[in-house]
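Structural features, examined
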Amino acid sequence: MKKVDKKTLLRVWDYLKFYKLKFFGSILLTIAMTILNVLEPFIIGFAITEIGRNVSDMLKGVEGAGINYDYLSKVLIIYFVRALLFQATNLYSQLFMTDVVQDAMRDLRKDLSDKLNRLPIAYFDRNQFGDILSKVTNDVDSIGNALQQSLLQVLNAVLGITFALIMMFAISWKLALTMVVLIPLATILSKKITLLSQPYFRGQAKYLGQLNGFVQESLTGFSIIKLYGKEEDAFDEFHSINESLKKNGFKAAFISGLLSPAVALVTNASYIIIAVLGILQAMAGAMTIGNVQAMVQYVWQVNQPISTITQLSAIIQSAASSIQRVFDLLDQEEEVQAEVKMSLPKEIRGDVTFENVCFSYDKEDPLIKNFNIDVKSGETVAIVGPTGAGKTTMINLLMRFYEVDSGAIKIDGYDTKELTRADLRSQFGMVLQDAWLYKDTITGNIRFGKLDATFEEVVDAATTANVHHFIQTLGAGYETVINQEASNISLGQKQLLTIARAFIADPKILILDEATSSVDTRLEALIQKAMKRIMQGRTSFVIAHRLSTIRDADLILVMDQGEIIEHGKHAELLERKGFYYDLYTSQFKNVSE
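Described in the following lines is the structure provided in the data block. Here the residue index of a chain counts from 1 through its sequence in written order. pLDDT decides what is reported in this predicted model: residues at 70 or higher carry local features, side-chain atom pairs at 80 or more are listed and counted, and totals for whole chains, interfaces and linings draw on all residues regardless. The side-chain numbers reported here are obtained from all heavy atoms of the structure, hydrogens and water having been left aside.

1. Describing the sheet that holds strand β1 (residues 352-359)
Defined as follows: Here the rule is simple: two strands pair whenever DSSP picks up at least two bridges between them. Put simply, DSSP H or I for four residues or longer makes a helix, DSSP E for two residues or longer makes a strand, and each gets a number counted from the N terminus. The criterion used for residue contact is that any of the two residues' heavy atoms lie within 4.5 Å. Axis definition: a line fit to C-alpha positions, over the contact stretch in the case of helices; interaxial angles, taken between N-to-C directions, run 0 to 180 degrees.
Read across the sheet, four strands follow the order β2-β1-β4-β5 without closing on themselves; strand pairing throughout is antiparallel. The sheet is open, and its two borders are formed by β2 (368-375) and β5 (414-415), each paired with just one other strand. Inspection of the sheet shows β1 paired to strand β4 (residues 406-411) by five bridges, in the antiparallel sense. Opposite E355, over in β4, you have A408 as the bridge partner. Packing of helix α12 (residues 391-398) onto the sheet brings it into contact with β1, β2 and β4, and relative to β1 it is tilted by some 115°.

2. Here we look at the environment of T464
Put simply, the test is: To sort residues, take the accessible area from a 1.4 Å probe on protein chains only and compare it with the maximum for the residue type: under 20% means buried, over 50% means exposed, and anything in between is partly exposed. Definition of a polar contact: a pair of N or O atoms within 3.5 Å, with one able to donate and the other able to accept a hydrogen when the atoms are protein atoms, and with sequence-neighbouring residues admitted only if both atoms are side-chain atoms.
With respect to the secondary-structure elements, T464 resides in helix α15 (residues 455-464). Since its relative accessible area comes to 12%, T464 is described here as buried. C-alpha separation for the pair T464 and R533, spaced 69 residues apart in sequence, amounts to 6.8 Å. Here T464 is in contact with F503, A530, R533 and I534, once residues within four sequence places are set aside. A distance of 2.9 Å separates a polar side-chain atom of T464 from the backbone oxygen of D460.

3. With respect to the packing of α15 against helix α17 (residues 491-505)
The criterion, for reference: For this classification, under 35 degrees means roughly parallel, over 145 means roughly antiparallel, 65 to 115 means roughly perpendicular, and everything else is oblique. For a crossing to be left-handed, the near helix must be turned anticlockwise from the far one by less than a right angle; the clockwise case is right-handed. Residue type decides the class: Asp, Glu, Lys and Arg count as charged, Ala, Val, Leu, Ile, Met, Phe, Trp, Tyr, Cys and Pro as nonpolar, and the leftover types, Gly among them, as polar.
One way to put it is that α15 packs onto α17 with a least axis distance of 8 Å and a crossing angle of 125°. It follows that α15 is oblique to α17 by the angle criterion. The handedness of the crossing between α15 and α17 is right-handed. Seen from α15, the contacting residues are E457, V458, D460, A461, A462 and T464; seen from α17, they are A500, F503 and I504. Residues of the contact of α15 with α17, tallied by class, amount to six nonpolar, one polar and two charged.

4. Observations regarding the environment of S256
Along the polypeptide, S256 turns up in helix α8 (residues 231-257). Distance from S256 to Q427, taken between C-alpha atoms, is 57 Å for residues 171 residues apart in sequence.

5. Observations concerning the sheet that holds strand β10 (residues 539-543)
In space, the six strands of this open sheet follow the order β6-β9-β10-β3-β11-β12, with mixed pairing throughout. For this open sheet the edge positions go to β6 (428-431) and β12 (563-568), each flanked by a neighbour on one side alone. Neighbouring strand axes in the sheet, compared pairwise and without regard to direction, differ in orientation by 20° on average. As judged from the four bridges shared by strand β3 (residues 380-384) and strand β11 (residues 555-560), these two strands associate in the parallel manner. Paired with I383 across the bridge in β11 is L557. Contacts between α12 and the sheet are confined to β3, β6, β9 (509-513), β10 and β11, with β10 contributing the most and set at about 145° to the helix. Across the sheet, α17 is in contact with β6 and β9; its angle to β6 comes to roughly 175°.

Laid out in structure tokens, this is it:
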């Protein structure tokens, strides 16, 4: 992972500058707070000097000598007003900055969400969902916490050091030079330790993302892990990632933790040197005792900000790694949209044509080569073939989840590359092998296909999909809430609900991808009946491993290694006794025997 550069930091600023009024207000208040803080030793110095002078006069027996309470009262009032102003500026600077940072992080999360919607499917194929989730949640939180906790403190530290040195030079330039020599030493130590710890902070962010990804996958497939007795393997993998996270976290925290004692060593050394030299000058009459006290206190005001920065080092370095991960996601190449030259009419026929389509996931290993089919409106096309033949890839190309390398896919003669993806996909309905439902009522899940659908349309869709009777048997009927994992209904019922959702969308083209592969024969018949209803009058593409479900298809395409090796109707293909015949008879071998 590369180092965070100035350009990346400027991109962080782009999110803050939208709220620059409050941001600069917070900065100005911080500057005022720092000045008020620097004035504290100066004001106390006046009081101590006056008390010292009064005590000295009293010891010398000067007539009328005593404590100058009027002067000290004025100093005390000034000090009290300074303290009130200091607390007020501190409060409102933190309040404004918190508001700015939270608004900026909200905007960053929104941009990440928008970015995810524009990324190609290939990005999600290459990356773990848990790692992506970690970037949107953990990494954004890390950036927000660093900005909120450290931005003002770092600014306050820099200003505090600057103003304190100015005051020290005003009191005694010789002692101030001593301090100037010691500051670079602390800076060099901080830089060296930071360089040592940064790789471990990057590793910590990396392994945290991997851990989130593994946990997400494990929870999703928890029943499969239990089924195959892979608990020990899952534990070992979790332990391996967790151990790597622990090692990187420990080294990052330990090395960055060395900053504080290193800087404290320099601080104590500088404190002793300034105190000794100041006392010697006071004894020589070159400085007042109040100025000596002020110089010693300014030593702490110089070193305290340095200590603050070192304590924030872990947060800042963790945020630096998170910034890189977040902007790496934002910089990912998006789906390329060619120039939109046309749009589909409101009513299309549903003709689909593949013209010399070639595609490959890896340019050196072509998958689909010179793919040609011409499907007429209302026809049902079944696509069969062994695993990896290119069946699902063909559907992904049709939906423009991936772009073809060459050739063209046309809908009613319109090249899909010259249409917007939204316009294209609005013409499709899909029923997949993995029935996807979300946490909502049954009505809400069906209505997802058409958000403005009436309740009567929802019931009609459910009836067409053969799921209305089942819904009525539930306690809350259509208002039954599907839980987050959709585990409170069966797999077949979920499939019927997705068919109802596809029906209510009223698409012109249907895609049915292994829609009956995971259900029993009774539910398969029920789903087949529902599918035949919604396929009427629509162009349909059916991917199936159970060849008994596609006997009535208008056209069967037999694919192998990305090419159509056979095509025709069911009876025709059986008569040829080719690849399809072998596939079909192998499924019914036991039955025939």
